[in-house]
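As a plain string of letters, each chain reads:
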Amino acid sequence: MITTVSQVREHIGQEVELQGWCYNFRSSGKIFFLQFRDGTGRVQVVFSKSEISSDQWDLLDQLRLESSVIVRGIVKAEPRAPSGFELQGVSFKIVQLAQEGYPIGKKEHGPEFLLDNRHLWLRAESQWAVQRVRDRIITSTYEWFHENGFIKFDTPILTPTSCEGTTELFEMDYFGEGEKVEQGDEVEKVGPLGKGEPEKVETSGGTKAYLAQSGQLYLEAGIMSLGRAFDFGPVFRAEKSKTRRHLTEFWMMDAEAAYVEHEGNMAIQEALICRIVADVLAQCAYELKVLERDIEPLKKVQAPFVHLTHEEATKKLRELGSDIGERADLGADDETLLTQHYDRPIFIEKYPAEVKAFYMKRDPHDDTRVLNNDLLAPEGYGEIIGGSQREDDYETLLKRIHDHGLDPKPFDWYLDLRRYGSVPHSGFGYGLERIVAWTCGLHHVRETIPFPRLVNRINP
Ligand code: 4AD
Ligand code: MG
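Residues numbered from 1 in each chain as written. Chains lettered and ligands numbered in written order. Predicted model: local features only at pLDDT ≥ 70, side-chain atom pairs only at ≥ 80, totals over all residues. Heavy atoms only, no water.

(A) Just the nonpolar core, in detail. Residues Ile137, Phe145, Met253, Ile273, Tyr430 and Trp438 are the most contacted members of the largest nonpolar core, which totals 50 residues. Contributions of two or more residues to this core are made by helix 4 (125-147), strand 11 (228-236), strand 12 (249-258), helix 7 (262-283), strand 17 (372-377), strand 18 (382-389), strand 19 (425-431) and helix 14 (432-440). Sorting elements by how many residues they give to this core places helix 7 first, with eight residues. Apart from the residues within four sequence positions on either side, Ile273 is in contact with Val301, Phe305, Leu375, Ile384, Ile385, Ile435 and Trp438. Formed by 22 residues, the second largest nonpolar core is a distinct cluster that contains Phe36, Leu60, Phe92 and Ile94. (Core = buried A, V, L, I, M, F, W, Y, C linked by side-chain atoms within 4.5 Å. Buried < 20%, exposed > 50% of the residue type's maximum accessible area, 1.4 Å probe, protein only. Helix = DSSP H or I, 4+ residues; strand = E, 2+ residues; numbered from the N terminus. Contact = heavy atoms within 4.5 Å.)

As structure tokens, this is what we get:
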């Protein structure tokens, strides 16, 4: 019967067939140890020369690393094996004999070499484990939101405006100036929902577009229909900085909720992060072991998280030896320093307005500060979430757009949300790769995404 490594426990004493790859092997002359993996896990298959045909033994002799193979064997419990099982090999087939010279060997490779071979490095057990934790975090996020009344709402990647400041935008020509655009007849023949009168489509080629930095602004439109919504997708930042926390393409989850204010917004973030960490601990124990992640700090991620105002945080940082200014944004080093002083995640609230985005609502007790929060992960990981209550007054928001030197015209649709049925509302966005790096205990975010895009890397 065909099964998978993850299912062999159901078949002790039976002969099974597994389809996968050989990641290592060694032979003692009479016994051949094949290290087998199939995507679900890893298991050793032991072939004895005396128990298989000489043709089969000769075939084993030709094997090369990373060949794709199909094996048959009898499942045995083996307490000494990491998987707890072993197969007594019965037969063996090579699907494709790998070429000689698989680039990734047992010797230590540098990070650039491994990233150049990312398409193959993904097969390493550590990288397998990271991708499985990443999948768990994504799944838990969807589950938690759906259990709490949030609807998945897809926001566009091609946008006419910036969301998070204009310095880190990837700009592109969205059809050249005066370029002829073909009239699509499909659009013209039918009205909305296939009913009613068709509309004439305007063909205005020739404008600038930007890759989305965050879906937030569109999500704000979504919640005026759905109440609570979240998006999840790739976002882009032309970050020129080469740090362990920055990618130029990364996955963000933005969430937004109507009638939720600053305090409620942080309560949502706290509950979501607690759920994610609890699920990773419960369901990725093996993966964390492979990654040699010390799980004690993760077990301490429990509500209530620490709350500091920006004012308190900068004061504390100066006590700890930082030279941070009273109204400065926290640098990566400041975040690292601060998180080493607490064993729970830290909310930092109410930043000076001048270091944050135009859409944040001001603090009614101090108009120079905003009702925002960053959430810092412990153990030096730093910012994983940025969120805020949004400015919901039309005149004030228009003024902020002007004050930030932005052209109000492409924001007209966004201003409509304040013209028609505006409500207090708040939201936040998490950086998936930063959460994966933290939970997996990785130093750099580049290993958390299948194909990292960095300032100096677009390949493979
Ligand atoms: O703090 P940011 O810039 O917030 C926003 O974009 C808001 N519009 C979100 C919202 O309120 N809906 O980004 C959110 C998170 C950060 O906390 C960080 O975790 C991650 O996105 N992030 C990055 N991750 C990897 N590489 C980068 N270059 C990142 N920039 C931000
Ligand atoms: Mg931020």
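That covers the picture; the talk isn't over yet.
(B) A look at the domain arrangement of the protein chain. We note that the domain assignment places domain 1 (5-96) and domain 2 (125-176 + 204-447) within the protein chain. Distance from the C-alpha centre of domain 1 to the C-alpha centre of domain 2: 46 Å. Taken together, the contact between domain 1 and domain 2 spans five residues of the former and four residues of the latter. Taking both partners together, domain 1 and domain 2 bury about 350 Å²; carbon and sulfur atoms supply 46% of that area. Among the residues domain 1 hides against domain 2, the three largest losses belong to Gly39, Arg42 and Pro82. Together they make up 78% of the total. Between domain 1 and domain 2 we count zero salt bridges in total. For the pair domain 1 and domain 2, the interface holds one residue pair in polar contact (both at pLDDT 80 or more). Taken together, the residues of the side of domain 1 that touches domain 2 break down into one nonpolar, three polar and one charged. (Domains from an automatic or database assignment. Buried area = accessible area lost by both parts, 1.4 Å probe. Salt bridge = Lys/Arg side-chain N within 4 Å of Asp/Glu carboxyl O. Polar contact = N/O pair within 3.5 Å; in protein donor to acceptor, adjacent residues only side chain to side chain. Nonpolar A, V, L, I, M, F, W, Y, C, P; charged D, E, K, R; others polar.)

(C) Looking closely at the environment of Asp61. In this structure, Asp61 sits in helix 1 (residues 54-62). Since its relative accessible area comes to 59%, Asp61 is described here as exposed. For the pair formed by Asp61 and Arg26, sequence separation is 35 residues and the distance between their alpha carbons is 9.8 Å.

(D) Here's a closer look at the environment of Ser214. With respect to the helices, strands and loops of the structure, Ser214 is situated in the loop between strand 10 (207-211) and helix 6 (216-226). On a C-alpha basis, the gap between Ser214 and Met253 in space is 8.5 Å, while along the polypeptide they are 39 residues apart. With residues up to four places along the chain from it excluded, the contact list for Ser214 reads Cys163, Glu164, Val235, Arg237, Met252 and Asp254. Here the side chain of Ser214 touches Gln216 through a polar contact of 3.1 Å, landing on its backbone nitrogen.

(E) Structural detail: the side chain of Asn372. Mapped onto the secondary structure, Asn372 falls in strand 17. Engagement of the side chain of Asn372 in a polar contact is seen with the backbone nitrogen of Tyr351, the distance being 2.9 Å. Those residues within four positions of Asn372 in sequence are excluded, and the remaining contacts are His262, Ile348, Glu349, Lys350, Tyr351, Lys356, Met360, Gly387 and Ser388.

(F) Focus on a nonpolar patch on the surface. A cluster of nonpolar side chains, contributed by Ile157, Leu158, Tyr174 and Phe175, occupies part of the molecular surface with about 340 Å² of accessible area. With respect to the helices and strands, the residue Phe175 is situated in the loop between strand 9 (171-174) and helix 5 (185-189). Residue class for Phe175 comes out partly exposed when judged on its relative accessible area of 43%. (Patch = residues over 30% accessible without salt bridge, like charges linked within 9 Å, V, L, I, M, F, W, Y side chains within 5 Å. Areas by Shrake-Rupley, 256 points an atom, 1.4 Å probe, with all protein chains shown as cover.)

(G) Representation of unusual backbone geometry in the model. The peptide bond linking Ala303 to Pro304 adopts the cis configuration, its omega dihedral lying at -5°. With respect to the helices, strands and loops of the structure, Pro304 is situated in the loop between helix 9 (296-299) and strand 13 (306-309). Backbone torsion omega between Asn459 and Pro460 reads -5°, so that peptide bond is classified as cis. Mapped onto the elements of the fold, Pro460 is located in the segment after helix 14. The phi dihedral of Glu66 is positive, around 70°, even though this residue is not glycine. Mapping Glu66 onto the fold places it in the loop between helix 1 and strand 5 (68-77). The phi angle at Lys350 is positive, at roughly 60°, despite the residue not being glycine. Checked against the element boundaries, Lys350 lands in the loop between strand 14 (346-349) and strand 15 (362-363).

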